[in-house]
Amino acid sequence: MKKLVFFSLTFYLLAAKLLAQTKVVVPTASDKPNRYQQEQIDRKYGMFIHFGMNTFHDQEWTDGSKPAASYAPTTIDAKQWVSTAKAAGMKYIILVSKHHDGFCLWDSKYTDYDVANSANKTNVVVELAKECRKQGIRLGLYYSLWDRKQNGNVNDSQADGAYNTYMLNQLNELLDMTKKYTDIVELWLDGGWEKANYRWPAQEIYTLVKTKVPQCQVGINWSIGSPENADKHAVLPKDQQNLFPIRYFPSDFRLGDPYLPSSSDPKLFTAQGNTYYMPFETTVVLGERWFYNTTDKKYKTLAELEEIYRTATAQDNILILNVGPNREGRIKDTDVALLLQLKEKLKL
């Protein structure tokens with residue numbers, strides 16, 4: 001309950017701060033990548049880590065009703081996660097900090113649905129940030145805009161104001177928390193399709209992130225709309241063309257998981273009368289499930305993964321391959337072996 005009281009107070013404090021903030025940050029219109037986009041393109045290959053409440057229920061999407069205590073990893077082996085990514089030739093890691101269920105992998109001031117009230121209270125975000133700094137690899141965070149625990153009724157637009165402030169509070173919390181150890185290089189936002197695009201505080205999020213961590217690249221899943229409808233869902237990568245509208249502006253790069261870019265991938269998209277360069281980041285899972293699942297038995301072959309890598313990283317684009325650490329908090333030995341074999345195949 002104390003967290004909820006704290007949330008009420010910070011709601012007004014952050015709202016006042018945002019109102020007082022006069023400098024709105026937007027990308028610079030360009031037909032070429034800027035410095036930080038080029039750094040993202042140069043990273044080229046990374047690891048996605050899906051781990052959380054779903055790990056313990058053999059489900060991809062839970063709805064926020066699972067008890068916090070049911071999240072019960074034996075340990076959190078962040079050292080193994082990072083060493084595996086490095087050994088596999090990857091340049092960065094993106095951690096799912098909060099999925100659609102709303103369960104947070106850190107002790108958040110704004111909710112009780114987090115690790116602090118679970119069977120393992122380890123702050124996963126901090127542990128991974130520390131380990132990334134120690135082993136010299138970059139860190140990014142995934143955060144779901146859609147929160148089935150905190151904002152279950154997405155049809156109620158009257159709840160948007162309070163919920164959007166909740167999100168900004170949590171993102172501010174994550175930025176401050178990780179900055180003690182490493183500056184994150186990517187914020188991967190998901191679930192936007194659950195509401196009309198104008199109901200999400202995309203501009204406020206972008207300004208918050210860029211003010212604190214200028215190099216952090218911001219992307220929202222299903223990033224591009226159609227000329228007939230800027231909020232169309234979904235415009236597949238194969239259907240995207242130059243000068244299509246940016247669905248969630250401002251953004252730095254495009255997402256549309258788990259699809260690959262087209263063979264002639266467009267890079268120039270429009271918003272507010274300007275043209276912006278946006279590379280594409282492909283996100284693909286090794287097997288069939290994003291989170292660890294006891295039924296996940298069918299894995300992609302080495303040849304399939306090589307083809308995915310070649311296609312995804314051509315044309316100045318990026319690939320992140322997903323692993324789902326198991327209930328012991330470790331990446332499975334079979335996943336590690338496959339990633340190392342792929343590195344050899346790719347000669348990274």
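Just above, that's the structure.
Residues numbered from 1 in each chain as written. Predicted model: local features only at pLDDT ≥ 70, side-chain atom pairs only at ≥ 80, totals over all residues. Heavy atoms only, no water.

Novice: Please clarify how the nonpolar core should be interpreted in this entry.
Specialist: Soluble, globular proteins show a tendency: their nonpolar side chains are buried together. Core analysis: the largest hydrophobic core is formed by 73 residues, its most contacted members being Tyr71 and Leu321. What Tyr71 contacts, discounting residues up to four positions off in sequence, is Phe51, Gly52, Met53, Phe56, Ile76, Phe103, Leu105, Val115, Ser118, Ala119, Asn120 and Val124. Membership of the second largest hydrophobic core comes to 13 residues, among which are Tyr92, Trp188, Ile318 and Ile320. (Core = buried A, V, L, I, M, F, W, Y, C linked by side-chain atoms within 4.5 Å. Buried < 20%, exposed > 50% of the residue type's maximum accessible area, 1.4 Å probe, protein only. Contact = heavy atoms within 4.5 Å.)

Novice: Explanation requested: unusual backbone geometry in the structure shown.
Specialist: Negative phi characterises most residues that are not glycine, and trans characterises most peptide bonds. Following His233, the chain continues to Ala234 via a peptide bond in cis, the omega torsion being 0 degrees. As for its placement among the helices and strands, Ala234 is situated in the loop between strand E5 (217–220) and strand E6 (268–271). In the segment running from Phe249 into Pro250, the intervening peptide bond is cis, with an omega of 5 degrees. Along the chain, the position of Pro250 falls in the loop between E5 and E6. A positive phi angle, near 50 degrees, is found at Asp58, a position not held by glycine. With respect to the helices and strands, the residue Asp58 is situated in the loop between strand E1 (45–49) and helix H3 (78–87). A positive phi angle, near 60 degrees, is found at Gln315, a position not held by glycine. Tracing the backbone shows Gln315 in the loop between helix H7 (302–313) and strand E9 (318–323). Judged by relative accessible area, which is 32%, Gln315 ranks as partly exposed. (Helix = DSSP H or I, 4+ residues; strand = E, 2+ residues; numbered from the N terminus.)

Novice: Help me out: how do you make sense of the packing of H3 against helix H4 (residues 124–135) in this one?
Specialist: Packed helices, taken two at a time, are described by the angle their axes make and the gap between the axes. In contact at an axis separation of 9 Å, H3 and H4 are set at 45 degrees when each is read in the N-to-C sense. Taken together, H3 and H4 sit at an angle that is classed as oblique. In terms of crossing hand, the pair formed by H3 and H4 is right-handed. Packed against H3, whose contacting residues are Ala78, Lys79, Trp81, Val82, Ser83 and Lys86, the element H4 presents Val124, Glu127, Leu128, Glu131, Cys132 and Gln135 at the interface. Counted by class, the contact of H3 with H4 contains six nonpolar, two polar and four charged residues. (Axes fitted to C-alpha atoms, helices over the stretch in contact; angles between N-to-C directions. Parallel < 35°, antiparallel > 145°, perpendicular 65-115°, else oblique. Left-handed = near helix turned anticlockwise from the far one by under 90°. Nonpolar A, V, L, I, M, F, W, Y, C, P; charged D, E, K, R; others polar.)

Novice: Is there a simple way to think about the packing of H7 against helix H8 (residues 333–346) in this case?
Specialist: The contact between H7 and H8 brings their axes to 10 Å, and the two run at 60 degrees. Classified by the angle between their axes, H7 and H8 sit oblique to one another. Considering only the axes of H7 and H8, their crossing is right-handed. Across the interface between the two elements, Leu302, Leu305, Glu306, Tyr309 and Arg310 of H7 pack against Leu338, Gln341, Leu342, Lys345 and Leu346 of H8. Here the residues of the contact of H7 with H8 are counted per class, giving six nonpolar, one polar and three charged.

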